[in-house]
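One-letter residues, chain by chain:
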Amino acid sequence: MARILAIDYGSKRTGIAVTDELQLIASGLTTVATSDVLNFLKDYTSKEPVELFVVGEPKQMDNSASQSEGLILEFLKKLEKTLPQIPVKRVDERFTSKMAFQTMIDSGLKKKQRQNKALVDEISATLILQSYLYSK
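It should be emphasised that the depicted structure is a prediction, and the values quoted were computed from it without experimental measurement.

J.: Account for the sheet that holds strand β4 (residues 50-57), naming residues and giving values.
T.: Ordered by their spatial adjacency, 5 strands build an open sheet running β3-β2-β1-β4-β5, and the pairing between neighbours is mixed. Of all strands in the sheet, those with a lone pairing partner are β3 (26-33) and β5 (88-92), marking the two edges. Averaged over all pairs of adjacent strands, the angle between strand axes in this sheet comes to 25 degrees, irrespective of strand direction. Where strand β1 (residues 3-8) and strand β2 (residues 13-19) come together, 4 bridges link them in antiparallel fashion.

J.: Please provide a residue-by-residue account of a nonpolar patch on the surface, values included.
T.: Taken together, Leu 22, Leu 24 and Ile 25 make up a surface patch of nonpolar side chains, about 340 Å² in accessible area. Among the secondary structure elements, Ile 25 is positioned in the loop between β2 and β3.

J.: I'd love a proper account of the packing of helix α1 (residues 37-47) against helix α2 (residues 69-82), names of residues and values included.
T.: Viewed as axis vectors pointing N to C, α1 and α2 meet at an angle of 35 degrees, and their least axial separation amounts to 11 Å. Crossing geometry of α1 relative to α2 is assigned as right-handed. Residue-level contacts link Val 37, Leu 38, Leu 41 and Lys 42 of α1 to Phe 75, Lys 78, Leu 79 and Thr 82 of α2. Looking at the contact of α1 with α2 residue by residue, the class counts come to 5 nonpolar, 1 polar and 2 charged.

J.: Pulling in residues and values, what's your account of the environment of Arg 13?
T.: Residue placement: Arg 13 occurs in strand β2. Taking relative accessible area as the criterion, Arg 13 reaches 28% and is therefore assigned partly exposed. In this structure, the C-alpha to C-alpha distance between Arg 13 and Thr 34, residues 21 residues apart in sequence, is 4.8 Å. Not counting the four nearest positions on each side in its chain, Arg 13 is found in contact with Asp 8, Thr 31, Val 32, Thr 34, Lys 117, Ala 118 and Asp 121.

J.: Go over the pairing of β1 with me, naming the residues and quoting the values.
T.: Of all 6 residues that make up β1, 6 are buried, and the element is covered over most of its length. Here 5 bridges tie β1 to β4, and the two strands are oriented parallel to one another. Its bridge partner lying in β4, Ile 7 is registered against Val 55. The turn linking β1 back onto β2 is made up of 4 residues.

J.: For unusual backbone geometry, give the residues involved together with the corresponding values.
T.: Most of the time, phi is negative for any residue but glycine, and the peptide bond is trans. With a phi close to 60 degrees, Gln 23 is a non-glycine residue in the positive phi region. Of note, Gln 23 is situated in the loop between β2 and β3.

J.: Describe the packing of aromatic side chains, with residues and values.
T.: Each pair of aromatic rings is reported with the distance of its centres and the angle of its planes. Tallying each qualifying case throughout the model produces 2 aromatic pairs. Judged by centre distance (4.5 Å) and plane angle (20 degrees), the ring pair of Tyr 9 and Phe 75 falls under stacked. Remark: Phe 75 occurs in helix α2 and Tyr 9 occurs in the loop between β1 and β2; sequence separation between them is 66 residues. There is no split in this pair, since Tyr 9 and Phe 75 are both buried. Look at Phe 40 and Tyr 44: their rings are 6.1 Å apart centre to centre, the planes differ by 20 degrees, and that puts the pair in the stacked class. Here Phe 40 pairs with Tyr 44, and both are found in helix α1, just 4 residues apart, close to one helical turn.

Cut-offs applied
- Within every chain, residues take consecutive numbers counted from 1 along the sequence as written.
- Thresholds applied to this predicted model are a pLDDT of at least 70 for local features of residues and 80 or more for the giving and counting of side-chain atom pairs; totals over whole chains, interfaces and linings are not thresholded and use all residues.
- In computing side-chain properties, one takes all heavy atoms of the structure into account and sets aside hydrogens as well as water.
- Should DSSP find at least two bridges between two strands, the strands are taken to pair.
- Per the convention used, a helix needs a DSSP run of H or I reaching at least four residues, while a strand needs a run of E reaching at least two, with both numbered from the N terminus.
- Each axis is a line fitted through C-alpha atoms, and for a helix only the stretch in contact is used; angles between axes span 0 to 180 degrees, taken between their N-to-C directions.
- Patches here are clusters of residues that have more than 30% relative accessible area and form no salt bridge, with a 9 Å joining cutoff for like charges and a 5 Å cutoff for nonpolar side chains (Val, Leu, Ile, Met, Phe, Trp, Tyr).
- Only the protein chains shown count as cover for residues, and all accessible areas are computed by the Shrake-Rupley method using a 1.4 Å probe.
- One speaks of a salt bridge when a side-chain nitrogen belonging to Lys or Arg is within 4 Å of a carboxyl oxygen belonging to Asp or Glu.
- Crossing handedness is read from the near helix: turned anticlockwise from the far helix by less than a right angle, it gives a left-handed crossing, and turned clockwise, a right-handed one.
- Should any heavy atoms of two residues lie within 4.5 Å, those residues are counted as being in contact.
- Following the grouping adopted for this structure description, the nonpolar residues are Ala, Val, Leu, Ile, Met, Phe, Trp, Tyr, Cys and Pro, the charged ones are Asp, Glu, Lys and Arg, and the polar ones are all others, Gly among them.
- The cut-offs for exposure are 20% and 50% of the maximum accessible area for each residue type, with area from a 1.4 Å probe on protein chains only; residues under the lower value are buried, those over the upper are exposed, and the others partly exposed.
- Two rings belonging to Phe, Tyr or Trp (six-membered ring only in the last case) form a pair when the distance between their centres is within 6.5 Å. Interplanar angles under 30 degrees mark stacking, angles over 60 mark edge-to-face geometry, and anything in between is tilted.

Shown next as structure tokens:
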């Protein structure tokens, strides 16, 4: 079975999470500079089979699209051109950054470690992927 890869797209950094081969467990993979994300995905998918990209969909409390949705839509067009064989699903990502920060607190990370925004993005991608897996 191929993996499912989740993307928490941001203007500076993009968090990446991936499932195991059985698609049971979501794990943080890395955080990459947003400018390098397409190259990272091309390289990763050349080494590991990926059957689906799950991309966070930022929404406001009233269910309208957030400001960053425009950037994500541009990214999705480029992703479609770069890796057209892999479909994309969107998952509501409201509160994932807050939940990621709380996860860091609950796991006992020191204040200095919790300031690592790359780690927050990676955990957010993992939460997006877990949300997708639960809904399946």
